[in-house]
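# Coordinates in review
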Protein chains: 2
Amino acid sequence: MKILIADDDADLRELVAFTLTQAGYLVIRCGDGPTALQRFEAELPNLVILDINMPGMSGFAVCEGIRRRSRVPVMMLTVRGEEEDLVRALGLGADDYLNKPFSPRTLLARIKALLRRAGTENTAPLAAGRVALDLEEHTVTLAGGAPVRLTPLELRLLQMLLANAGRAVNSERLLVQVWGHRSGGDRQLLKQLVHRLRQKIEADPSAPALLRTAAAGYKLMVD
Amino acid sequence: MKILIADDDADLRELVAFTLTQAGYLVIRCGDGPTALQRFEAELPNLVILDINMPGMSGFAVCEGIRRRSRVPVMMLTVRGEEEDLVRALGLGADDYLNKPFSPRTLLARIKALLRRAGTENTAPLAAGRVALDLEEHTVTLAGGAPVRLTPLELRLLQMLLANAGRAVNSERLLVQVWGHRSGGDRQLLKQLVHRLRQKIEADPSAPALLRTAAAGYKLMVD
DNA sequence: CCCGCCCGTCACCGATTTGTCACCAGGCCG
DNA sequence: CGGCCTGGTGACAAATCGGTGACGGGCGGG
């Protein structure tokens, strides 16, 4: 589950990003309007959080731009008491708003509600570190990158590793989970699958940084 | 569920739009009569809300135009005490009216009543993006185009995809929903049906833009 | 009775995915 | 030093999958 946050206030931006990351979402940050639009195009996040007051290009304009090509849920961050802003934002197609300052708890609750309403929540928030899995689309997204398509077997393998992110997973167990094999012997299959997966997700497949070989198995690195 | 709201008073329009959006409807806005007619053609909403007093082209004229090609429920917004307007509106085929000012609660209640009466709500999501289904006529209408006749199976398939517009639907689930098959195996049927449906609804069937192949199934594009 | 539509079935193509084999490099140990 | 194991890699073949064209049986309307 990807969320784009655009706010020129670095402190607030990081607070939001931290809260969301902790909750298992993959967060994309930016500090101004034009960048937000560009990142939106590139990442196609599942939800967008926009600060209204940004220098250069306001949240309104960004919202308008996004609405021209997508019905993705948009949440605006407003200053309490600016009723006019609020009405304008909702008029431009924003889905919800939050008055600053707000609590992380409130933020999460509103975001969950928005995603539920948008029907996006089924796409389980399977994410850890810089890896986010989209079970419905059969893709992985590595922080800052474009989604990568995975084959069914690759998806299953990555899902198993993700479920145990940071810890080594026994080869035996991976064989059982991915192929349903009851006994060992078929190490070659796993070898190949890992190899193929690395070609797709590693920056340098010959020096694996994410999917590392561990004692008697493999592990997915977090940070 | 799509609702078109036409009102030249921006504040009122946005209030209505916000109320409806919160209630889960997809809202299409416009501020004058000609635009309303044009958007109606393009979007084929499930319900239309018209202000009577609009500069240029009155709500009456819009209502008349809509009635020439559709029996979609129409609600008029009137100023209290203008009995004559009211009579004229209902005479032109409007289904209900609301005196300004009104409360969001009232608005929602009346809209639900209208939709229930029109039998639109049971008939489920019949429109998304540029695709609108007519279950009675066994036709689809693509934005701006002429209705296309569908066979019963094609209709069922499109209905299933429409109910999950924008998201991928598993082949397995489609098989069960369309044919009532309990188990897999018969992928060939789905292949053919999709192929035949694409011939009818795609501008270029060899490069599907609407009914796209997705991971482990198909999906109907909305944007 | 014939005709057209609907739809299940088969056959084929090209692309993707997956299983298999052969080989290499490095570590360990007798 | 040489055998042996483990993990990585490239290459190839088999299997699968989606798209497409074609055939024909069943059925209802003229």
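We now turn to the structure provided with this report.

In the vicinity of DNA strand C, 16 residues are found, and the nearest of them are Thr151 and Arg196 of chain A together with Thr151, Gln188 and Arg196 of chain B. Of everything in DNA strand C that lies within 4 Å of the protein, sugar and phosphate atoms constitute 52%. One of the backbone nitrogen or oxygen atoms of Leu153 of chain A is found 3.5 Å away from a phosphate oxygen of DNA strand C. One nitrogen or oxygen atom from the side chain of Trp179 of chain B is found 3.0 Å from a phosphate oxygen belonging to DNA strand C. Those elements that provide at least two residues to the surface near DNA strand C are helix H6 (152-163) and helix H8 (187-201) of chain A together with helix H8 (187-201) of chain B. Here the residues of the surface near DNA strand C are counted per class, giving seven nonpolar, six polar and three charged.

Take unusual backbone geometry next. The backbone phi angle of Ala216 of chain A is positive, close to 60°, even though this residue is not glycine. Residue Ala216 of chain A is classed as exposed on the basis of its relative accessible area, which comes to 58%.

All names here are of chain A. Contact pair helix H2 (residues 33-43) / helix H3 (residues 59-67): the axes reach a minimum separation of 9 Å and the direction vectors enclose 20°. Between H2 and H3, the interaxial angle falls into the category roughly parallel. Here the hand of the crossing between H2 and H3 comes out right-handed. Within the contact between the two elements, H2 uses Gly33, Ala36, Leu37 and Phe40 and H3 uses Val62, Gly65 and Ile66. Residue classes in the contact of H2 with H3 are distributed as five nonpolar, two polar and no charged.

This paragraph deals with the sheet that holds strand S7 (residues 131-134) of chain B. Residues and elements named next belong to chain B. A sheet is described by the order of its strands in space; here four strands give the open sequence S6-S7-S8-S9, paired in antiparallel fashion. Unpaired on one side and paired on the other, strand S6 (127-128) and strand S9 (148-149) mark the two borders of the sheet. Direction of pairing for S6 relative to S7: antiparallel, over a ladder of two bridges. Residue pairing across strands places Ala128 opposite Val131, the latter belonging to S7. Docked against the sheet, helix H6 (residues 152-163) engages S6, S7, strand S8 (139-142) and S9, running at close to 130° with respect to S7.

Residues and elements named next belong to chain A. In total, this model carries 10 salt bridges over all chains according to the counting rule given. Arg29 is the partner of Glu14 in a salt bridge, and the nearest nitrogen-oxygen pair spans 2.7 Å. Residue Glu14 is found in helix H1 (residues 10-22), and its partner Arg29 is found in strand S2 (residues 26-30); the two are separated by 15 residues along the sequence. For Glu14, a relative accessible area of 36% puts it in the partly exposed group. Using a relative accessible area of 36% as the deciding quantity, one classes Arg29 as partly exposed. Each of Arg13, Glu14 and Arg29 takes part in one network of salt bridges that share partners.

What counts, and at which threshold
Residues numbered from 1 in each chain as written. Chains lettered and ligands numbered in written order. Predicted model: local features only at pLDDT ≥ 70, side-chain atom pairs only at ≥ 80, totals over all residues. Heavy atoms only, no water. Near = heavy atom within 4 Å. Polar contact = N/O pair within 3.5 Å; in protein donor to acceptor, adjacent residues only side chain to side chain. Helix = DSSP H or I, 4+ residues; strand = E, 2+ residues; numbered from the N terminus. Nonpolar A, V, L, I, M, F, W, Y, C, P; charged D, E, K, R; others polar. Buried < 20%, exposed > 50% of the residue type's maximum accessible area, 1.4 Å probe, protein only. Axes fitted to C-alpha atoms, helices over the stretch in contact; angles between N-to-C directions. Parallel < 35°, antiparallel > 145°, perpendicular 65-115°, else oblique. Left-handed = near helix turned anticlockwise from the far one by under 90°. Contact = heavy atoms within 4.5 Å. Pairing = 2+ DSSP bridges. Salt bridge = Lys/Arg side-chain N within 4 Å of Asp/Glu carboxyl O.

Remember, this is a structural readout, not a statement about activity or role.
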